[in-house]
Each structure stands twice: as structure tokens, then as C-alpha cells.
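Notes for the structure review
Residues per chain, in single letters:
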Amino acid sequence: MGNQINKLLSKFKILFVKNKTRIINSIKFSSPIILAIVLLSFISLKLLNNFITAKEETPIKNLSTINWTFGRTDGSIISEKIIFKRDGKIKYSPSYNEVFWKIENGALTLMNGAKQATTVFDKIYKKDGFWVMEGKFLFDKNITHKIIETERSDKKFYFLIITVCILSLSALLHFSGLLKTDKANIFTQTLFLSIFTATLFIYSVDIRTPFNNRTNEWLTGASIKFTNMWIRENPFKLGFGMFFNPDSIEFKDLKSREVYSSYPPGVIIPLYFLGLVKGEVDSNIIMIFNLLNQFLISLTLGLIIFFFLIRINFDYFKSFLLSIIPVTFYLLSPVTLYFHHIVYFSDMAIILPFVLYVLLEVVKDFDNKVLNKIADILSSIVLFYGVFTDYFFVFVALAVYIKKLIFFEFGRNIVTIVKKSFFFALPAIAAALIFIIQVFALGGVKRLVDIFMFRTGLDKNEAADAFFDKFWLGHFKAGYSEILLYLFWFSISIFAAISAYYFAIFLIRKKSVPVNLKKILSLIWIITAPCILQVYFLKNHSTIHFFSILKFAIPIGTVSLLLIWIAIYISVKNDVFNSQKSEFKLFYPLFAVYFIFFSIYIEANYGKFRRFYPPYRDFKLEKFVKNNCDYKDVVFSTFAVINPDPPQYLAAAEKRIYKINSLAEIRNKVEKIDKEYVVNLLIKTDKPPPPDLQYLCDKSENVLQYDEFALYKIFKKTFLDLNDQYVPQ
């Protein structure tokens, strides 16, 4: 029997040797197809799962496969994530009051550590396709708890499988030898990078869906307000300015509406063209545009790393693998998940031009005259738009300019340097001049100067006192975690040490920096320096505003998590880097270990984005005013007020509301208006106004009601007559 088995094995061995090439080629060609079938199968399963989920009558049966956000109906969040484990315990329990759970009479009941019922969720409904449950806190009936479905573990599993398939297909195509040319390799790996980015982006959008109805009252509100002003009034008529106050009869000219000269208006330009399609922009349109920005930024970061690593002699597959690090970080960092969802103004809008500018600098390093010429033209366009959008881009341009001077990219002749410097800076100078002319024309000089003095701290205010504690240990640590704070400053310290060492070597021994190390130090500089320069130059601005940390996701994802480690390796080896060398065969196990730890960190932290969201607001009062008022209306109220800031309320109403307590206050406001106006008095129906205002209501020509609000309209002639007739009681 043993001999027969040996003979059979020998025959198989001979057969394999004879047909080795054919078998290997068959595996090469069939493996991607098999994996593609597996991929499509899992996508089909995902769609089937979504169909089943949509048909769910209650989430009770699948309770343990769902991640929930736990909070109150007032919008406050107690815990970003809780899981109802199958053993009856609550994972990530926020307090002693929520330790165990059970299903009783078809309702979810939370219990404390002593297994006493604390909350019974007797109200179950779906909102935006996600389950929501509400129930009274039994120890305080004034509190109503609320849990919202955020994501499902099985859904996450599908995305993980798709990601594994993408990585596997990329590896198989690389090792199969099917990709013979550089162009084929670049096209294939960038295609996989794009698919990977799109897959992860879809997942990131999915986990944010429960918060689609939220908005940021400051930055997003400003974007909506200014964009709709341009759409309704024509940006040429407005001098492409952004104004605090709306187009309304109580403001006689643009100067009285007060120009918002704190920033250049570049942020509004793409939103304006987007809004022309629908006739206006709202928080949903801004959200979609913001999410698209995040996708493009993430993909661009991946391309920066991919092409840069190719340039310093990494092979295509290794470059692809490392390029997914910044992509993953930018898509799943709590800071980027939040800010690229519902918050949009200059600080968000400037990130895409920033990374595009860096990518173009990487592309220019390739020996291709046509490509370099195109990159030069695009760089000028991006530089102009960047400076016309946010002051941060001045620091980006400065960092790139310093890099070009240090490495003699403008040559060594003084005349040539001056000439090339002028043409380099020309787009930035043009953008700055246009903005300055606009500010002078619209009367915004004083505000611009005051804002500059305040943001830099030159006005001696105390906002930036203890800057390191407030910004780095406050904002940065809260957004990115303590680990990344240390890692970021470690990478900066190592960069400074390596740069100082080679500069000293150059001065003492006249020994040049290794070519690839020079390239990587240059890239680290132009990514990192602008972020640090800006926050220190505009200390007060950075200290006050949490959103000023967003830009640091770029150097963290590219430098701290990746480039600095390659720089360390190259500086230690001190030679021309080549990832194909025998000593670099440890790359794959090292990358596998690194990626596992990186994934563990992302998994543990990405869900923290939920804590940043503000409570939901329906803006029903503001919408009521917008739908029933036009240019001639001047709106007063006994209970409500809408000022220019926060801008979201003015963006929703498109009218100022002046809070008053007497007829005399209305008279003082409208007495200087020469044109025909309509006085609008907004009151709550359950709260009668003072006698003189009640008299005004009784004489009104028109009354509009919605919910608990009533809007009384009185024309100018009637109002003036009433002023003469009214006698205080």
C-alpha cells in the first residue's frame, strides 16, 4: 500500500515538473478572477443584508450586532459607543446606571450594577434608515435617554473583506509578473489605491449618516449665508464680498451691511457654482461637497506617497501598501470624520489646495519636461486660489519657496533667482492685491487690521497665554489623542536632528546630503512647516478655534506615521535607497505588524468623532420667517433675536430679528427708513405681548401663524398712523 502511494506521488511530481509553467500561469490568471468572484459575492451579501435590515420591524433581535450612541433627547451625548453583549452586559458602559441589559415585554431595559432597572426604551422608530430608541430615566423622569444606531458589526465585516480582496488582487497582479511596463504598474496600483480609498470613504460616510441632520452654526452657517447672498444678489453687485447683514430695507447700502473682511472670499467660489444648479445652498449641499473634499484629499495624500516612494526607488506594490496609511488615517481620524462632515469654511476648504500643491511638487521631481510644464501651470493656479481662500496658503508658499532656495532650484545666479522668485510669487501677489483692493472698496480695512492684530496677539490680549497648554495639550490632544501628540513632536524632533546633522556635515566636510534623504526631508518640510508656522504666527486664532487642528491630519498621516521612519532608515544606511535590496526583504512582515497596530489604534479611536457633534436644531422659527418675509419686511420680536453671529440662524431666516419690548423701540429702528417698509411683529401665541405691542397686533393688516408662532404685518402708513393714535393706558 505504501509503495502504491509513493508511486502515485512520484507520478504527480513528474506531472507537476513537466507542466510547472502552465500550472503557475493558470494560477496567475485564475486567482484574480476567483478573488473577484469572492468580492462580488460579499458585495451581494452586503446588499442582501441591507435589504433584510430595511425590512426589520424592530432592532431587538439584532441588538448585539449593532453599535449605539447613548445620550439624551436634548442632543447631549453620554457615550459615543455602547454595545449590548450577548451575555447581558453593556460594553463601554458610561456609568454605574448602565451596566446590564435585558429585554422585558418586548422593550430594551437598562440596569445598574445592582441589576435595578434604570431606563426602559418604550419608544422605537427609524430616522434616516437607522434605529432610534427613547425611554425615561426611571430615577429622574425629567431625563429622557436616547440611543441611536451608528453601525453594524456585520457591515464593518463586509468592508473589511472588500479591503482584503483589494489588497490581495493588488499583490497577485504584482507578483504574477503580468504587469510588464512602468505605465501598467502605475495605472494598476493607482487604480487599486482609488478603489481602496473609495471603499473606505463609503464606510466613513455610512458611519456618519445618523448625524446628517446636524450642522455647525458658525463655519457652515457662514458658508451658507455668504453663498446664498451671492446667488440671490449677484457676486459682481456685491464686489465678491461677504457681508454680515442680509439684503433688507433697513440697510441702505453695502457699507451699512458691514463687509466680512476677515478672510478672502475664495471659499465661496465653488459653492456659488454648485448652488446655481439648485438656486441656493443648504447644509445638505455643503455636507456633500465637504465629503467630496475629504475623498479627494485622501486620494491625493495616497498619490503623494505613492509617487514619492516610486521616486526614491520603492517598487510599485510597496509604494501602494504604504500609500494606504495616510488614506486610512485621513478618512478615519475623529477630527477629519467630524470636520469634513458638517463643518465647512476656509480652514476646511484650504486642505485640498494644500495637498494638491504638495502633489504637484512631487510630480515636478520626475524627469519629464511636458509633465513638469503642466505641473508648473497647475501650481500657479492652485497657489492663486489657495491665497485667495485662506492665509494658511501664504505659509505653504513660503515653505515651498524656502525649499527651492535651499536646494538651488532657482539656480545660483542672483539675477536668475530674483526673476524666478518673482514669477513663483506672482499668483500669490495677484490674489493678495485683489483681496486688498476689495477690502478698501467695501470699507473693510479697519476690521481686517483689528482681526490681524487680534489673531496674532499683537493687541496684547490674553487669549494666547499658555499657548502650548491650550493648543497642543488642549485642542490637539482632544482631537488626535495623546499618543499622536507625542508622535508628532517626536517626528518633528527627529526631522530637526537629521537636518541639523547633515547641515553640519555639509559645512564641516563639504559632504552633500544623500539624494533620497534630501528628497524626503524636503517633502517633510513642505508638509509640516506651514502647519506649525501658521498656528504660531496666528496664536490667538489657533488657541480659540478647535478647527485649527484639522490641517495637522496631513503631517500626522504622512510624516509622523510614515515618512519620518523612512528618513531614519535612509539616514542610518547613508546610501541610495533601494527597496529591492536583500536586507529589505523584512519589509512585508514589518509592514504587516505595523499595519496591525495601526488598525488597532484606528479601531479604538475613530468612533470618538461622535462626541464633537452639536445637538440637532430644526430652525423652524427661522424657516417660518424666511418663507413669509421679503426685502421690505423689518422683523421684530418679543422673544427671539437673530444677529449676524452665529451666522447659521441668519442663513436660515435670511432676515435679522430685532428683540424689542415696546412700540417706541420699533419706531426708533424704522424712523430713518425712507422707502416703503412693512413692520413684522413675531410673538408666541401663548405669551401675550405688552399693551402697546398688543395694540399694534390688533391693527395689523395680515397675520400668519405656524406652530406656536404668530407673525403680524403692519404697512408703513398704518404704522405711522398708529404711532399718532396710540395713547398709553
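Notes on the structure in this doc start here. Everything quoted here is computed from the prediction, not taken from an experiment.

For the protein chain, the count of helices and strands is 27 helices and 14 strands. Per-residue burial over the protein chain gives 51% buried out of 729 residues. Total accessible area on the protein chain stands at roughly 34800 Å², and carbon and sulfur atoms take up 64% of it.

This paragraph deals with helix α7 (residues 268-278). Quick reminder: α-helices carry 3.6 residues per turn. Residues three or four places apart thus point the same way. For α7, the set of buried residues is Ile268, Leu271, Tyr272 and Gly275. On an axial view of α7, the arc spanned by its buried residues comes to 105°, and they lie on one face. Residues of α7 that are exposed and point over 90 degrees away from its buried face: Phe273 and Val277. Elements in contact with the buried residues of α7: α5 (219-233) and α8 (283-311). Phi for Gly279, located one or two positions after α7, is positive at around 100°.

We now examine the sheet that holds strand β13 (residues 702-706). On the basis of which strands lie adjacent, the open sheet formed by 5 strands has the order β11-β10-β12-β14-β13 and mixed pairing. Taken across any chain shown, the strands that pair with only one partner, and hence form the sheet edges, are β11 (657-659) and β13. Recorded for the sheet is a direction-independent mean angle of 25° between the axes of neighbouring strands. Alignment of strand β12 (residues 678-684) against strand β14 (residues 709-715), held across 7 bridges, turns out to be antiparallel. Bridged to Ile683 within β14 is Ala710. Strand contacts of helix α23 (residues 620-628): β10 (633-637), β11, β12, β13 and β14, with the helix running at about 30° to β14, the strand carrying the most contacts. The strands touched by helix α26 (residues 691-698) are β12 and β14; relative to β12, the strand with the most contacts, the crossing angle is about 115°.

All right, on to the packing of α8 against helix α9 (residues 316-332) then. Closest axis-to-axis distance for the α8/α9 pair is 8 Å, and the angle between their directions is 150°. Between α8 and α9, the angle is such that the two are roughly antiparallel. Considering the relative orientation of α8 and α9, their crossing is right-handed. Here Gln294, Ile297, Ser298, Leu301, Gly302, Ile305, Phe306, Leu309 and Ile310 of α8 come into contact with α9, specifically with Tyr316, Ser319, Phe320, Leu322, Ser323, Pro326, Val327, Tyr330 and Leu331. For the contact of α8 with α9, the per-class residue count stands at 13 nonpolar, 5 polar and no charged.

Attention shifts here to a nonpolar patch on the surface. A surface patch of nonpolar side chains, about 790 Å² in accessible area, is lined by Phe422, Phe423, Leu426, Ile429, Leu433, Ile436, Ile437 and Phe440. Tracing the backbone through its elements, the reader meets Phe422 in helix α15 (residues 414-442).

The end-to-end C-alpha distance of helix α13 (residues 369-387) is 27 Å, a good match for the 27 Å that 19 residues give at a rise of 1.5 Å each. Turning to α13, its buried residues are Asn372, Ala375, Ser379, Val382, Leu383, Gly386 and Val387. An end-on view of α13 places all buried positions within 110° of arc, on one side of the element. Opposite the packed face of α13, turned more than 90 degrees from it, sit the exposed residues Val370, Lys373 and Ile381. Where α13 begins, the side chain of Asn368 points an oxygen toward the backbone nitrogen of Val370, at a separation of 3.2 Å.

What follows concerns the pairing of strand β6 (residues 117-121). Sheet faces and side chains relate simply in a regular strand, where the side chains alternate between the two faces. Both strand β5 (residues 107-111) and β6 contribute to a ladder of 4 bridges, which runs antiparallel. Of the residues in β6, the one forming a bridge with Leu110 is Thr119.

With that out of the way, let us pick up the packing of aromatic side chains. When we look at a pair of aromatic rings, we describe it by the centre distance and by the angle of the planes. In this structure the tally under the stated criterion is 68 aromatic pairs. Their ring planes at 90° and their centres at 6.3 Å tell us that Phe307 and Phe366 sit as a pair that is edge-to-face. Of this pair, Phe307 sits in helix α8 while Phe366 sits in the loop between α12 (351-364) and α13; the two residues are 59 residues apart in sequence, bridging distant segments of the chain. With a centroid separation of 5.7 Å and an interplanar angle of 40°, the aromatic rings of Phe476 and Phe488 are classed as tilted. Note that Phe476 is positioned in helix α17 (residues 467-480) and Phe488 in helix α18 (residues 482-509), a separation of 12 residues in sequence.

Another aspect to go through is the pattern of salt bridges. According to the stated counting rule, one finds 29 salt bridges in the structure shown. Arg610 is the salt-bridge partner of Glu151, the closest N and O atoms lying 3.2 Å from each other. Placement of Glu151 in strand β9 (residues 140-152) and of Arg610 in the loop between α22 (587-605) and α23 is noted, with a sequence separation of 459 residues between them. Just as Glu151 is buried, Arg610 falls in that class too.

The next thing to look at is unusual backbone geometry. Cis rather than trans, the peptide bond between Asp645 and Pro646 has omega equal to -5°. Its place among the elements puts Pro646 in the loop between β10 and α24 (647-653). Backbone geometry at Ala466 places phi at a positive 55°, although glycine is not the residue there. Tracing the backbone shows Ala466 in the loop between α16 (445-456) and α17. Even without glycine at this site, Glu654 takes up a positive phi of about 60°. With respect to the helices and strands, Glu654 occurs in the loop between α24 and β11. Here Glu654 falls in the partly exposed class, since its relative accessible area comes to 23%.

Conventions we followed
Residue positions are given per chain, counted from 1 along the sequence in the order it is written. Whole-chain, interface and lining totals are the exception, using all residues; otherwise, since this is a predicted model, local features are given only for residues with pLDDT of at least 70 and side-chain atom pairs are given and counted only at 80 or more. Excluding hydrogens and water, the side-chain values take into account all heavy atoms of the structure. Strands are runs of DSSP state E lasting at least two residues, helices are runs of H or I lasting at least four, and both sets are numbered from the N terminus onward. Whether a residue is buried, partly exposed or exposed follows from its accessible area with a 1.4 Å probe, protein chains only, as a fraction of its type maximum: under 20%, in between, or over 50%, in that order. Using a 1.4 Å probe, accessible areas were evaluated by the Shrake-Rupley method; residue-level cover was limited to the displayed protein chains. Working definition: the arc comes from the directions between the helix axis and the C-beta atoms, pointing outward to the latter. Any two residues whose heavy atoms approach within 4.5 Å are treated as being in contact. In this scheme, strands are said to pair when DSSP sees at least two bridges between them. Whenever a helix is involved, its axis is fitted only over the stretch in contact; in every case the axis is a line through C-alpha atoms, and angles between N-to-C directions fall within 0 to 180 degrees. What sets the label is the angle itself: under 35 degrees gives roughly parallel, over 145 gives roughly antiparallel, 65 to 115 gives roughly perpendicular, and the rest give oblique. By the definition used in this description, the sense in which the near helix is turned from the far one sets the handedness, with an anticlockwise turn below a right angle giving left-handed and a clockwise turn giving right-handed. Polarity classes work like this: nonpolar for Ala, Val, Leu, Ile, Met, Phe, Trp, Tyr, Cys and Pro, charged for Asp, Glu, Lys and Arg, and polar for all others, with Gly in that last group. Only residues above 30% relative accessible area that lack a salt bridge enter a patch, with like-charged residues linked at up to 9 Å and the nonpolar side chains Val, Leu, Ile, Met, Phe, Trp and Tyr linked at up to 5 Å. The term salt bridge refers to a pairing of a side-chain nitrogen on Lys or Arg with a carboxyl oxygen on Asp or Glu at a separation within 4 Å. Expected helix span is given by 1.5 Å per residue-to-residue step, counting one fewer step than there are residues. Polar contact is defined as a pair of N or O atoms within 3.5 Å, subject to the rule that within protein one atom must be able to donate a hydrogen and the other to accept it, and that residues adjacent in sequence are counted only when both atoms are side-chain atoms. Each pair of aromatic rings taken from Phe, Tyr and Trp, with Trp reduced to its six-membered ring, is defined by centres within 6.5 Å and is described as stacked if the planes are under 30 degrees apart, edge-to-face if over 60, and tilted in the remaining cases.

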